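Structural characterization, general
Below are the chains, spelled out letter by letter.
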Amino acid sequence: MLAPIMMDRRGFLRAGGAVAAAAFADAGLERVHAAGRQVVGQSPASVAADENYWREIQQAFTLDRTIINLNNGGCCPSPRVVHEALKRYLDISNQAPVYHMWQVLEPNIESVRRRLANEFGCDPEELAITRNASEALQIAQLGVDLKAGDEVVTTNQDYGRMLDTWEQRVRRDGIKLTKISFPVPPPSLDVLADRLLAAITPATKVLHFCHITNLTGQIFPVKRICDEARRRGVKTVVDGAHAFAHFPYKASDLGCDFYGTSLHKWLLAPIGTGFLYVRREHIAPLWPLTPAPASRTNDIRKFEEIGTHPAANHNAIAEALSFHEGIGIIRKAERLRYLRNRWAKRLAQHPKIKLHTNLDPAQSCAIGTVQITGVPTPSVVARLWERWRIIATPIVHAEYEGLRITPNVYTTLEEVDTFAAAMEEIAAKGVS
Ligand SMILES: Cc1ncc(COP(=O)(O)O)c(C=O)c1O
């Protein structure tokens, strides 16, 4: 009965009757690798502008090209190779889930943990696989011991659900929540660090902020903030929902205590995937959201005790990592900035158009937020959809508003140019 577990992956899939699907998946990755071989020796900046290379990447997705999806900040389509893996694992699971899912597929989560930890740059024993960034961050937010009067410092541009989570602790536990404001775009990275650190008081126990915000794509100087917070005895929860597999960095570049990210955003993994990093010394004292036996107190897997769940989603993360590695993070970030700069630099010339994102590579990457002054943002979003079938996200914050534009590796230049031309037309003629 245990023979399939001993076979290699190909042998196992053949035994499961999924040979055709596997061959398809392998071909998908082979095209990415073949495209990579064509550009060996070229600088990332030169590859970023090489449409022959990116055409191969574009072809790796099954998309609806009658729409232009510039909201890759919500969640992203997976490449074909990842989606095929997800479906294959679901098919395998459904044969006898108690055997195929629990005994065959589930134990392989350890390979995913090892590979994610390698990519993030931490020990696998510090990384829990979750269903999304919300779950990852809420484990930290709700699991850390705080008593009435203890303070959490964050910003008023952090993600709504994460702020709601702290607000619930205000109501339930009597903690204090302080939200600082910062200008968009900020005059310098120092302003972000200075404002957060200046808000720390003797009562502050936790600092919570985004690695990169979802509202304008602002990247924070994480290491500087975390190192200083640590020096003052304050724990750091960093919201990396938009950061992982978006631009290059390692855990050692951050220095935080807790880090939560989505994998269905920039890694292009199946929907319903994320991870939580917990610095080793904080694993034992952090309470899981879904309780685990006391014997697991020191085990990072205690945060994964969520009851019955599909193994397909988290196992297919492995294929997403292979696809990601096939492109390479430096090349990917360079292309994302190239696409963002193509529309942003063009629109920045227009007297009625205002960018809320600083284009400095240290401060942003794929995400840009842009406003047509004098035209309400929701109307611009509606017009883009009605007239051009362009998907954009309205950002309406108490202090500013604009459209958040996020291309992805599959986005074509024609799509970006259509968006830029549409914005110029709306800026010239309005929406009435
Ligand atoms: C900054 C930020 N934090 C957290 C989240 C929550 O991520 P998820 O939907 O994966 O739970 C998001 C989602 O867009 C986000 O943008």
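Just so it is clear, the model here is predicted, and its values are computed rather than measured.

**Here we look at the overall build of the chain**
Counting its secondary structure elements, the chain contains 18 helices and 13 strands. Oriented by its inertia axes, the alpha-carbon framework of the chain measures out at about 70 × 55 × 40 Å. A total of 432 residues make up the chain; the buried ones form 56% of that total. Within the chain, contacts between residues at least 6 apart in sequence are counted, and of these 72% link residues at least 24 apart. Averaging the locations of the 51 positively and 46 negatively charged side chains of the chain gives two centres separated by 2 Å.

**Overview of the pairing of strand E13 (residues 400-405)**
The buried count for E13 comes to five of six residues, which makes it a mostly enclosed element. Summarising the sheet, strand E12 (residues 393-397) and E13 pair through five bridges and their orientation is antiparallel. In the sheet register, Pro 394 faces E13, and the bridge partner there is Leu 403. Counted between consecutive antiparallel strands, the loop separating E12 from E13 contains two residues.

**Section: the sheet that holds strand E9 (residues 353-355)**
Sheet architecture is open: four strands sit in the order E9-E10-E13-E12, paired in antiparallel fashion. Two strands bound the open sheet, and with one partner strand each, they are E9 and E12. Taken over all neighbouring pairs, the strand axes of this sheet differ in orientation by 35 degrees on average, direction set aside. In the sheet, E9 pairs with strand E10 (residues 368-372) via three bridges, with the strands oriented antiparallel. Within E10, the position partnered with Lys 354 by the bridge is Gln 371.

**So, the nonpolar core**
Counting 74 residues, the largest nonpolar core has Leu 116, Phe 120, Leu 207, Tyr 259, Leu 267 and Phe 323 as its most contacted members. No other element matches the six residues that helix H15 (residues 317-327) contributes to this core. Not counting residues up to four positions away in its chain, the partners in contact with Leu 267 are Leu 116, Phe 244, Ala 245, Ile 317, Ala 320, Leu 321 and His 324. The next biggest cluster of nonpolar side chains, apart from the first, holds 26 residues, and it includes Leu 70, Ala 344, Leu 384 and Ile 426.

**Regarding empty space enclosed by the protein**
Counted by the stated rule, this structure contains one cavity of 30 Å³ or more. Put simply, the largest cavity is a space of about 30 Å³. Lining the largest cavity, in full, are Gly 28, Arg 31, Glu 56, Gln 59, Ala 60 and Arg 80.

**Re helix H16 (residues 329-348)**
A rise of 1.5 Å per residue sets the reference length of H16, with its 20 residues, at 28 Å; its end C-alpha atoms lie 27 Å apart and thus fit the reference within 8%. Roughly 30 degrees is the biggest bend found in H16, and it falls at Asn 341.

**Some details on the pattern of salt bridges**
With the rule as written, the count across this model stands at 33 salt bridges. The salt bridge involving Arg 31 is made with Glu 56; its shortest N-O contact spans 2.9 Å. Here Arg 31, found in helix H3 (residues 19-38), pairs with Glu 56, found in helix H5 (residues 51-58); they are 25 residues apart in sequence, far enough to count as distant. Arg 31 gets classed as partly exposed once you look at its relative accessible area, which sits at 41%. On the basis of relative accessibility, which here comes to 27%, the residue Glu 56 falls in the partly exposed class. In this structure, Arg 232 engages Glu 228 in a salt bridge whose closest nitrogen and oxygen atoms are separated by 2.9 Å. Looking at Arg 232, the relative accessible area reads 39%, which means it is partly exposed. Note on Glu 228: relative accessible area 17%, which makes it buried. Each of Glu 110, Arg 113, Glu 125, Arg 296, Asp 299, Arg 301, Glu 304 and Glu 305 takes part in salt bridges that share partners, so that together they form one network.

**Notes on the site of the ligand**
Contacts to the ligand come from 13 residues, most closely from Ser 134, Asp 239, Ser 262, His 264 and Lys 265. Taking Lys 265, its side chain carries an N or O atom lying 2.6 Å from an oxygen atom of the ligand. The fraction of the free accessible surface of the ligand (390 Å²) that becomes covered by protein chains is 91%. Of the residues that constitute the shell around the ligand, the class distribution is five nonpolar, six polar and two charged.

**Section: the packing of helix H17 (residues 377-388) against helix H18 (residues 413-429)**
A pair of packed helices is captured by two measures, namely the crossing angle of their axes and the spacing between those axes. The interhelical angle for the contact between H17 and H18, taken along N-to-C directions, is 120 degrees, at an axis separation of 11 Å. Here H17 is positioned oblique relative to H18, judged by the angle of their axes. Here H17 and H18 pass one another in a crossing that is right-handed. Here H17 contributes Val 380, Arg 383, Leu 384, Arg 387 and Trp 388 to the contact with H18, which in turn contributes Thr 418, Phe 419, Ala 422, Met 423, Glu 425 and Ile 426. Residue classes in the contact of H17 with H18 are distributed as seven nonpolar, one polar and three charged.

**Structural notes on the confidence of the model for the chain**
Mean pLDDT for the chain: 94, with 94% of residues reaching 70 or above. Contacts from residues 1-25, a stretch scored under 50 in pLDDT, to residues over four places away or in other chains number 25 contacts.

**Overview of the sheet that holds strand E3 (residues 151-155)**
Adjacent strands of a sheet pair through backbone hydrogen bonds, lying either parallel or antiparallel. Taking strand neighbours across the sheet as the criterion, the seven strands line up as E2-E8-E7-E6-E5-E3-E4 in an open arrangement whose pairing is mixed. Two strands bound the open sheet, and with one partner strand each, they are strand E2 (127-130) and strand E4 (176-180). The average undirected angle you get between the axes of adjacent strands in this sheet is 15 degrees. Here strand E7 (residues 258-262) runs beside strand E8 (residues 274-278); their pairing, made up of five bridges, is antiparallel. Counted as the bridge partner of Thr 261 is Phe 275 from E8. With respect to the sheet, helix H10 (residues 160-173) is in contact with E3, E4, strand E5 (204-210) and strand E6 (235-239), its orientation differing from that of E4 by roughly 150 degrees. Against the sheet, helix H12 (residues 222-231) touches E5 and E6, its axis set at about 175 degrees to E5.

How each quantity is defined
- Residues numbered from 1 in each chain as written.
- Predicted model: local features only at pLDDT ≥ 70, side-chain atom pairs only at ≥ 80, totals over all residues.
- Heavy atoms only, no water.
- Helix = DSSP H or I, 4+ residues; strand = E, 2+ residues; numbered from the N terminus.
- Buried < 20%, exposed > 50% of the residue type's maximum accessible area, 1.4 Å probe, protein only.
- Contact = heavy atoms within 4.5 Å.
- Lys, Arg positive; Asp, Glu negative; His and termini not counted.
- Charge placed at Lys NZ, Arg CZ, Asp CG, Glu CD.
- Pairing = 2+ DSSP bridges.
- Axes fitted to C-alpha atoms, helices over the stretch in contact; angles between N-to-C directions.
- Core = buried A, V, L, I, M, F, W, Y, C linked by side-chain atoms within 4.5 Å.
- 1 Å grid on protein atoms, 1.4 Å probe; cavity = no way out; pocket = protein on both sides within 12 Å on 5 of 7 lines; lining within 4 Å.
- Points joined across faces, edges and corners; volume = space filled by probe spheres on them.
- Expected span 1.5 Å × (residues − 1).
- Bend = angle between axes of the 7 residues up to and from the residue.
- Salt bridge = Lys/Arg side-chain N within 4 Å of Asp/Glu carboxyl O.
- Near = heavy atom within 4 Å.
- Polar contact = N/O pair within 3.5 Å; in protein donor to acceptor, adjacent residues only side chain to side chain.
- Areas by Shrake-Rupley, 256 points an atom, 1.4 Å probe, with all protein chains shown as cover.
- Nonpolar A, V, L, I, M, F, W, Y, C, P; charged D, E, K, R; others polar.
- Parallel < 35°, antiparallel > 145°, perpendicular 65-115°, else oblique.
- Left-handed = near helix turned anticlockwise from the far one by under 90°.
- pLDDT = per-residue confidence, 0-100.

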